[in-house]
Number of protein chains: 2
Amino acid sequence: MQKEVTIYDIAKQLQLSPATVSRALNDHPAINSNTKTLITSKALEMGYRSNLFASNLRRQRTNTIGVIVPRLDSSFMSTVLAGMEKVVNESSYNLIISQSLESVKKEVTNAKTMFDSRVDGLLVSLASDTENLDHFNPFFKKGIPLILFDRVVQQKNCTNIIIDNLKAGYDATTHLIQQGCKRIMHVSGSLKRNVYADRLKGYKLALLEHGLPSGDELERVTNLTRQDGLDVAAYIKRMPNPPDGLFISSDFCAVSCIGALKQSGFSVPNDIAVVGFNNDPVSLVIDPNLTTIHYPGQEMGEIAAQSLINHLNGLLRLSATNTILLNYDLIIRESSQRPKLS
Amino acid sequence: MQKEVTIYDIAKQLQLSPATVSRALNDHPAINSNTKTLITSKALEMGYRSNLFASNLRRQRTNTIGVIVPRLDSSFMSTVLAGMEKVVNESSYNLIISQSLESVKKEVTNAKTMFDSRVDGLLVSLASDTENLDHFNPFFKKGIPLILFDRVVQQKNCTNIIIDNLKAGYDATTHLIQQGCKRIMHVSGSLKRNVYADRLKGYKLALLEHGLPSGDELERVTNLTRQDGLDVAAYIKRMPNPPDGLFISSDFCAVSCIGALKQSGFSVPNDIAVVGFNNDPVSLVIDPNLTTIHYPGQEMGEIAAQSLINHLNGLLRLSATNTILLNYDLIIRESSQRPKLS
DNA sequence: TTGTAGGCGTTATCAC
DNA sequence: GTGATAACGCCTACAA
């Protein structure tokens, strides 16, 4: 365990003061560029690495950003985190990542841990049963910025980064309508979450505009698990008047539902056309390949992290009602394409 | 932005010295238990939270553990990380998580970041193309412990936490043999990684023991992607003498392969019985449900984290050649079950 | 453009 | 069982 090199060691070697070394390493403008290069090369040579803890202690900030997501095991979240990581690495911040596993309780614990770790800011996507942001009050009180992404809640104090889920739901449903569907069912997740509530609204709006039937028996609120997909299929089988179109707010659930529907003798897309959401890799595994909504996780992560960092560096004021909308794509595959009725 | 409460504030209020407060909060044995409760309750009342950075600076350790995984978007990794998180939270350590996205290059960068963050220890699962551990040399030189899990490399200095992949490969293959398969093919991932190399060995061993044919045309080394699954199916279709059993080292790849095989007119399991690996949720989506090997991610994460923490706390010496083996299960589902030939 | 000096909040060492 | 004090390594007024 050799001793760490400090700015004092560099200063001594170069006959300079530690202050100058510190400034040079932080690229302070008032330092002669010659001494600057001298110092940085010496630092490299000596294997110096800056001590974040001393620095953090002194400047009263941690250079750490906390991330709380519902789960890590989705390809979407993985790309979001990759995006955040990219931005954060370039800015010499650190990331602390934790998962709530869709439980408020764990989310509260995570928030507390983040608070105790004194993160400079927080990037959060809410658990499915989170009712409010009370557990983030300590952050608000201290003026620690919080950015919500994907699963958000409208609230002053925090920026939201989302896609237009209402419009996406509308587009998905409209696509089914254009394929000739007359009776379209929607399978949603917890309506506490904007992503699901908004998609449902978009679905309803599309139905309304085209004068198609809607109503409780065509709307299922579930947890969007594999089992829920199976249950929905069973439900459809029991329906006296089953739907000919199905919009499910999650690919994974959609895929398990399609499997069960096929087993029950339904043909997809001919009897029932299906659209999912998220463009999960599993959408390419199922036969027929699943039509779905794709949206850019990497970009969402980058923007969330960048906005937070800009705010922390004083380059951007996150105003109270700031919402950033990203684009999405409807990816049309076999599961929804029906022969044109002419 | 109200001011932070420090041990000085507590000390002043209680007419004690900061030293005593510090000791009490750290549960030092030489402190009167009355003063101890007095101090802790006062600390709570004043909303004190300890400053990790001052503490870290002073004790010369960071209380942070770094984790590098190939990808976050697998249900297996997600449970591993949940396990680590659990242990780490209970021990008041912090976790810094990053993904290499299966690239050595990124893994090297990640390692550097971890080094600069002065993690106390490292938990790593290697990228698919990592050749050696040179990029971890700075850690070895400094005596920073490194634990490898799942995707490991035998090397002095680091503990490995794995399942017996050879035996698992053997068991998977033997299961196919017991189902009556006579010509079994194996689809593997990069043989640089123990997990794939060992499963291949187990597969070969099982074939050898039962006098079944093996050879290059029955062994495919791939990246285990969706496309690789399709390619394998196409390859099988072209084979003059196709296999009647298929052991694929990843569920996701297996599932895409099954899809393509079915499209080519093969029946699974009747023409070809299939076994995957990892018990990914997708194994329950495909029809027929996929037989696979399950192993405990949560436990692997917990053990990895706990071992590291015990080592850091001096409770356990990670000896040079320490390998911890976990159990696994063969989960038999429809994809491999053939009618008994009697 | 560079140097001086004090302090960020803890904890470890040494006293008493 | 408790207190005084000196670091840990860095940054930043302020001075030169």
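Residues numbered from 1 in each chain as written. Chains lettered and ligands numbered in written order. Predicted model: local features only at pLDDT ≥ 70, side-chain atom pairs only at ≥ 80, totals over all residues. Heavy atoms only, no water.

### Quick notes on the overall build of chain A
No. 1: Check the secondary structure of chain A and you find twelve helices and twelve strands.
No. 2: Here the C-alpha radius of gyration of chain A, 26 Å, is well above what a compact globule of 342 residues would show, namely 20 Å.
No. 3: The buried share of chain A, reckoned over its 342 residues, is 55%.
No. 4: Considering only contacts in chain A between residues 6 or more positions apart, those separated by 24 or more positions represent 74%.
No. 5: Carbon and sulfur atoms make up 51% of the accessible area of chain A, which totals about 14,800 Å².
No. 6: Counting 36 positive and 33 negative side-chain charges, chain A places the centres of these two groups 7 Å from one another. (Helix = DSSP H or I, 4+ residues; strand = E, 2+ residues; numbered from the N terminus. Rg over C-alpha atoms; globule rule 2.2 N^0.38 Å. Buried < 20%, exposed > 50% of the residue type's maximum accessible area, 1.4 Å probe, protein only. Contact = heavy atoms within 4.5 Å. Areas by Shrake-Rupley, 256 points an atom, 1.4 Å probe, with all protein chains shown as cover. Lys, Arg positive; Asp, Glu negative; His and termini not counted. Charge placed at Lys NZ, Arg CZ, Asp CG, Glu CD.)

### A closer look at the protein's contact with DNA strand C
No. 1: In the vicinity of DNA strand C, 26 residues are found, and the nearest of them are Thr20, Arg23 and Arg58 of chain A together with Tyr48 and Arg58 of chain B.
No. 2: Sugar and phosphate atoms constitute 61% of the interface atoms of DNA strand C, taking the interface as everything within 4 Å of the protein.
No. 3: Contact distances for DNA strand C include 2.5 Å between a phosphate oxygen and a side-chain N or O atom of tyrosine 48 of chain B.
No. 4: Within the backbone of asparagine 51 of chain B, an N or O atom sits 3.5 Å from a phosphate oxygen of DNA strand C.
No. 5: Within the residue set of the surface near DNA strand C, elements represented by two or more residues are helix H2 (18-25) and helix H4 (52-59) of chain A together with helix H1 (7-14), helix H2 (18-25) and helix H4 (52-59) of chain B.
No. 6: Of the residues forming the surface near DNA strand C, the biggest block, four residues, is contributed by H4 of chain B.
No. 7: Residue composition of the surface near DNA strand C, grouped by class: ten nonpolar, eleven polar and five charged. (Near = heavy atom within 4 Å. Polar contact = N/O pair within 3.5 Å; in protein donor to acceptor, adjacent residues only side chain to side chain. Nonpolar A, V, L, I, M, F, W, Y, C, P; charged D, E, K, R; others polar.)

### Let's talk about the protein's contact with DNA strand D
No. 1: Around DNA strand D there are 27 residues in total, and Ser22, Tyr48 and Arg58 of chain A together with Thr20 and Arg23 of chain B lie nearest to it.
No. 2: In this structure, tyrosine 8 of chain A approaches DNA strand D through a side-chain N or O atom, which is 3.2 Å from a base nitrogen.
No. 3: Residue asparagine 26 of chain A places a side-chain N or O atom 3.3 Å away from a phosphate oxygen belonging to DNA strand D.
No. 4: Elements with a minimum of two residues in the surface near DNA strand D: helix H1 (7-14), H2 and H4 of chain A together with H2 and H4 of chain B.
No. 5: Ranked by residue count, the leading element in the surface near DNA strand D is H4 of chain A, at four residues.
No. 6: For the surface near DNA strand D, the residue count by class is ten nonpolar, twelve polar and five charged.

### Describing helix H12 (residues 297-312) of chain B
Residue and element names in this part refer to chain B.
No. 1: Across its 16 residues, H12 extends 23 Å between first and last C-alpha, which sits within 8% of the 22 Å expected from 1.5 Å per residue.
No. 2: Along H12, the residues classified as buried are Gly297, Met300, Gly301, Ala304, Ala305, Ser307, Leu308, Ile309, His311 and Leu312.
No. 3: Looking at the buried side of H12, the elements it contacts are strand E1 (64-69), helix H5 (75-90), strand E3 (121-124), strand E4 (146-149), strand E5 (158-163) and strand E11 (323-326).
No. 4: Two residues or fewer past H12, glycine 314 is found with a positive phi of approximately 75°. (Expected span 1.5 Å × (residues − 1).)

### Remarks on the sheet that holds strand E8 (residues 245-248) of chain A
Residues and elements named next belong to chain A.
No. 1: Taken in spatial order, the four strands make up an open sheet running E7-E6-E8-E9, and their pairing is parallel. Strand pairing shows two members of the sheet lacking a second neighbour, strand E7 (219-221) and strand E9 (273-275), which therefore form its edges. The mean angle between the axes of side-by-side strands here comes to 15°, regardless of whether they run parallel or antiparallel.
No. 2: Relative to E7, strand E6 (residues 184-188) runs parallel, the two sharing three bridges. Paired with histidine 186 across the strands is glutamate 219, a residue of E7.
No. 3: Helix H10 (residues 226-238) contacts E6, E7 and E8 of the sheet and is inclined by roughly 150° relative to E6.
No. 4: On the sheet, helix H11 (residues 251-263) packs against E8 and E9 and is oriented at approximately 150° with respect to E8. (Pairing = 2+ DSSP bridges. Axes fitted to C-alpha atoms, helices over the stretch in contact; angles between N-to-C directions.)

### Thoughts on unusual backbone geometry
No. 1: For the bond from aspartate 287 of chain A to proline 288 of chain A, the omega torsion is 0°, close enough to zero to count as cis.
No. 2: Along the polypeptide, proline 288 of chain A turns up in the loop between E9 and strand E10 (292-294).
No. 3: The residue after valine 268 of chain B, namely proline 269 of chain B, is reached through a cis peptide bond having omega 10°.
No. 4: Structurally, proline 269 of chain B is set in the loop between helix H11 (251-263) and strand E9 (273-275).
No. 5: Positive phi, close to 60°, is recorded for glutamine 15 of chain A, a residue that is not glycine.
No. 6: Note that glutamine 15 of chain A resides in the loop between H1 and H2.
No. 7: The class for glutamine 15 of chain A is exposed, based on a relative accessible area of 73%.
No. 8: Backbone geometry places leucine 224 of chain A, a non-glycine residue, at a positive phi of 60°.
No. 9: Mapped onto the elements of the fold, leucine 224 of chain A is located in the loop between E7 and H10.

### A word on the state of the cysteines
By definition, a disulfide links the sulfur atoms of two cysteine residues through a covalent bond.
No. 1: Tallied over the entire structure, the rule returns zero disulfides over all chains.
No. 2: Cysteine 257 of chain B takes part in no disulfide bond, and the closest cysteine sulfur to it belongs to cysteine 253 of chain B, at a distance of 6.4 Å. (Disulfide = S-S within 2.5 Å.)

### What to know about the sheet that holds strand E1 (residues 64-69) of chain A
Residue and element names in this part refer to chain A.
No. 1: Read from one edge of the open sheet, six strands run E2-E1-E3-E4-E5-E11, paired in parallel fashion. Whereas interior strands pair on both sides, the edge strands pair on one side only; in this sheet they are strand E2 (94-99) and strand E11 (323-326). Going across the sheet, the axis of each strand differs from the next one's by a mean of 15°, ignoring polarity.

### What to know about the pairing of strand E5 (residues 158-163) of chain A
All names here are of chain A.
No. 1: Among the six residues of E5, six are classified as buried, and the element is accordingly described as predominantly covered.
No. 2: Here E5 shows two buried faces, one formed by Cys158, Asn160 and Ile162 and the other by Thr159, Ile161 and Ile163.
No. 3: Note that strand E4 (residues 146-149) and E5 share four bridges and pair parallel. Counted as the bridge partner of leucine 146 is cysteine 158 from E5.
No. 4: As paired strands, E5 and E11 are joined by four bridges and run parallel to one another. Bridge assignment links asparagine 160 to a residue of E11, and that residue is threonine 323.

### Some points on the domain arrangement of chain A
No. 1: The domain boundaries assigned to chain A delineate domain 1 (7-50), domain 2 (63-162 + 297-326) and domain 3 (165-295).
No. 2: Here the C-alpha centroids of domain 1 of chain A and domain 2 of chain A sit 35 Å apart. (Domains from an automatic or database assignment.)

### Observations concerning the environment of tyrosine 328 of chain A
All names here are of chain A.
No. 1: Checked against the element boundaries, tyrosine 328 lands in the loop between E11 and strand E12 (329-331).
No. 2: We classify tyrosine 328 as buried; its relative accessible area is 13%.
No. 3: In sequence terms tyrosine 328 and glutamate 102 are 226 residues apart; their C-alpha atoms lie 24 Å from each other.
No. 4: Excluding its chain neighbours within four sequence positions, the residues that come into contact with tyrosine 328 are Ile163, Asp164, Lys167, Ala168, Asp171, Ile293, His294 and Tyr295.
No. 5: Here alanine 168 takes part through its backbone nitrogen, which lies 3.3 Å from a polar atom of the side chain of tyrosine 328.
No. 6: Among the polar contacts made by the side chain of tyrosine 328, one reaches the side chain of aspartate 171 at a distance of 2.6 Å.

### What to know about the interface of chain B and chain A
One widely used convention gives an interface's size as the accessible area the parts lose upon coming together.
No. 1: With 46 residues of chain B at the contact, the number on the chain A side is 45 residues.
No. 2: Around 4,500 Å² of area is buried between chain B and chain A when both sides are counted, 54% of it from carbon and sulfur atoms.
No. 3: On the chain B side of the contact with chain A, Arg49, Phe53 and Arg118 of chain B bury the most area, a combined 19% of that side's loss.
No. 4: Viewed at the interface, chain A and chain B are joined by six salt bridges.
No. 5: Among the ionic pairs, lysine 142 of chain B bridges to glutamate 4 of chain A, the shortest N-O distance being 3.6 Å.
No. 6: Run the count over chain B and chain A and you get 16 residue pairs in polar contact (both at pLDDT 80 or more).
No. 7: Of all the elements in the fold, those that place two or more residues in the side of chain B that touches chain A are H4, H5, strand E2 (94-99), helix H6 (104-116), helix H7 (137-142) and H11 of chain B. (Buried area = accessible area lost by both parts, 1.4 Å probe. Salt bridge = Lys/Arg side-chain N within 4 Å of Asp/Glu carboxyl O.)

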